[in-house]
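# Working through the structure, step by step
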Amino acid sequence: MNLAVDIQIVEKSFHMETTKNIVLNGIDLRIEEGDFLTIIGPSGCGKSTLLKIMAGLDTEYKGVIDINGRIVEKPAIAQGFIFQEHRLFPWLTVEQNIAADLNLKDPAVRQKVDDMIEIVRLKGYEKAFPSEISGGMSQRVAIARALIRDPEVLLLDEPFGALDAFTRQHLQDVLIDIWQKKKITMVLVTHDIDESIYLGTDIAILRANPGELQKLVHVGLSYPRSRTDPSFQAIRQKVLKEFEKTDTESYKDGEGI
Ligand SMILES: Nc1ncnc2c1ncn2[C@@H]1O[C@H](COP(=O)(O)OP(=O)(O)OP(=O)(O)O)[C@@H](O)[C@H]1O
């Protein structure tokens, strides 16, 4: 396997009026091509900040992010980004949102949009507007819009956080399906331990104050996974144990999850 993403963050801090808040400290992580890294950790430990740095949305930090040999210095198509809320254009239909600035009249684009609609399971909703579809469907449109540009890495920040448990589980399966079909490197931030195990080839557990890598857990289970399987539960215990450690270590300053 080739190395897809090399993350070396020496320090990321935010400066308040008189204080300096060190958010990420010494994060050193490598993601192999085609892997699915999930990132979990207590609230405020810097998960979203880490993802934004990887996306090139935040460049004010000490360190370097390398994606397939290219240093990330600004947002680029190579780093697809999915936000918690879908951010679709309300005045465009599903297919127009997926195509966005690409010309839907171009037969090659039309074909790609149709393929994406198939992959994200939205056939029949091509002409619907965002106001006419559910939150889960909107998030699938957002994923299709990122994927149609063939990113090298897809970065997802709590993409299913606002959805109900049933929709969430369905979309986790859709995401696994996309990941397996497109063989794309994925990085997903979540608060949900089960989601991190269900999706990830590897789980990065962060602790807070400052955000540091507590543990990298290799999941090592085949897909599709069963949440009730003893091997799944064994990984869960392992992750929970690490969480207990971050709990006592991260909340020294009285922060809650
Ligand atoms: N633009 C900003 N200016 C100042 N501080 C910020 C900014 N963005 C984030 N922070 C601070 O950085 C820390 C990490 O925030 P971040 O959103 O990355 O954490 P998180 O782990 O994603 O949190 P959550 O799980 O609650 O979404 C927090 O203390 C937050 O207040």
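Everything numeric here is computed off the predicted structure, so don't read it as measured data.

Parameters and conventions
Residues numbered from 1 in each chain as written. Predicted model: local features only at pLDDT ≥ 70, side-chain atom pairs only at ≥ 80, totals over all residues. Heavy atoms only, no water. Pairing = 2+ DSSP bridges. Helix = DSSP H or I, 4+ residues; strand = E, 2+ residues; numbered from the N terminus. Axes fitted to C-alpha atoms, helices over the stretch in contact; angles between N-to-C directions. Contact = heavy atoms within 4.5 Å. Parallel < 35°, antiparallel > 145°, perpendicular 65-115°, else oblique. Left-handed = near helix turned anticlockwise from the far one by under 90°. Nonpolar A, V, L, I, M, F, W, Y, C, P; charged D, E, K, R; others polar. Near = heavy atom within 4 Å. Polar contact = N/O pair within 3.5 Å; in protein donor to acceptor, adjacent residues only side chain to side chain. Areas by Shrake-Rupley, 256 points an atom, 1.4 Å probe, with all protein chains shown as cover. Domains from an automatic or database assignment. Buried area = accessible area lost by both parts, 1.4 Å probe. Salt bridge = Lys/Arg side-chain N within 4 Å of Asp/Glu carboxyl O. Expected span 1.5 Å × (residues − 1).

The next subject is the sheet that holds strand E8 (residues 185–189). What the 6 strands build is an open sheet, ordered E6-E7-E8-E3-E9-E10; its pairing is mixed. Each edge of the open sheet carries a strand with a single partner, namely strand E6 (79–82) and strand E10 (212–218). For this sheet the average axis-to-axis angle between neighbouring strands, irrespective of direction, equals 20 degrees. Direction of pairing for strand E3 (residues 36–40) relative to strand E9 (residues 202–207): parallel, over a ladder of 4 bridges. The residue of E9 that forms the bridge with Ile39 is Ala204. Each of E3, E6, strand E7 (153–157), E8 and E9 is contacted by helix H1 (residues 47–55), which is oriented at about 150 degrees to E7, the strand it contacts most.

The interhelical angle for the contact between helix H4 (residues 135–147) and helix H5 (residues 165–182), taken along N-to-C directions, is 15 degrees, at an axis separation of 11 Å. Judged on the interaxial angle alone, H5 and H4 are roughly parallel. The interaxial crossing formed by H4 with H5 has right-handed handedness. For the pair formed by H4 and H5, the contact residues are Gly136, Gln139, Arg140, Ile143 and Leu147 on the first element and Thr167, His170, Leu171, Val174, Leu175, Ile178 and Lys182 on the second. Residues of the contact of H4 with H5, tallied by class, amount to 6 nonpolar, 4 polar and 2 charged.

On to the site of the ligand, then. Of all residues adjacent to the ligand, which total 13 residues, the nearest are Ser43, Gly44, Lys47, Thr49 and His191. Take Ser43: an N or O atom from its side chain is 2.6 Å from an oxygen atom of the ligand. Within the backbone of Gly46, one N or O atom sits 3.0 Å away from an oxygen atom of the ligand. Here the ligand has 630 Å² of accessible area as a free molecule, and 60% of this is covered by the chains. Secondary structure elements with two or more residues in the shell around the ligand: strand E2 (20–32) and H1. Of the residues in the shell around the ligand, the class split is 5 nonpolar, 7 polar and 1 charged.

Take the domain arrangement of the chain next. Once the domains are mapped, the chain shows domain 1 (3–78 + 151–252) and domain 2 (79–150). Its C-alpha centre places domain 1 at a distance of 24 Å from the equivalent point of domain 2. Counting residues at the interface gives 38 residues for domain 1 and 19 residues for domain 2. When domain 1 packs against domain 2, the two sides together hide about 2,200 Å² of surface, and 66% of this comes from carbon and sulfur. The three residues of domain 1 that bury the most area against domain 2 are Pro151, Ile178 and Lys182, which together make up 22% of that side's buried surface. Remark: the boundary between domain 1 and domain 2 carries 2 salt bridges. The salt bridge involving Asp150 is made with Lys182; its shortest N-O contact spans 3.9 Å. At the surface where domain 1 touches domain 2, the tally comes to 11 residue pairs in polar contact (both at pLDDT 80 or more). Taken together, the residues of the side of domain 1 that touches domain 2 sort by class into 24 nonpolar, 4 polar and 10 charged.

Its 18 residues give H5 an end-to-end C-alpha distance of 25 Å, which sits within 8% of 26 Å, the value for a rise of 1.5 Å per residue. Contacts made by the buried residues of H5 are with E3, helix H3 (107–119), H4, E7, E8 and helix H6 (193–199). Its side-chain oxygen placed 3.1 Å from the backbone nitrogen of Phe166, Asp164 serves as the N-cap of H5.

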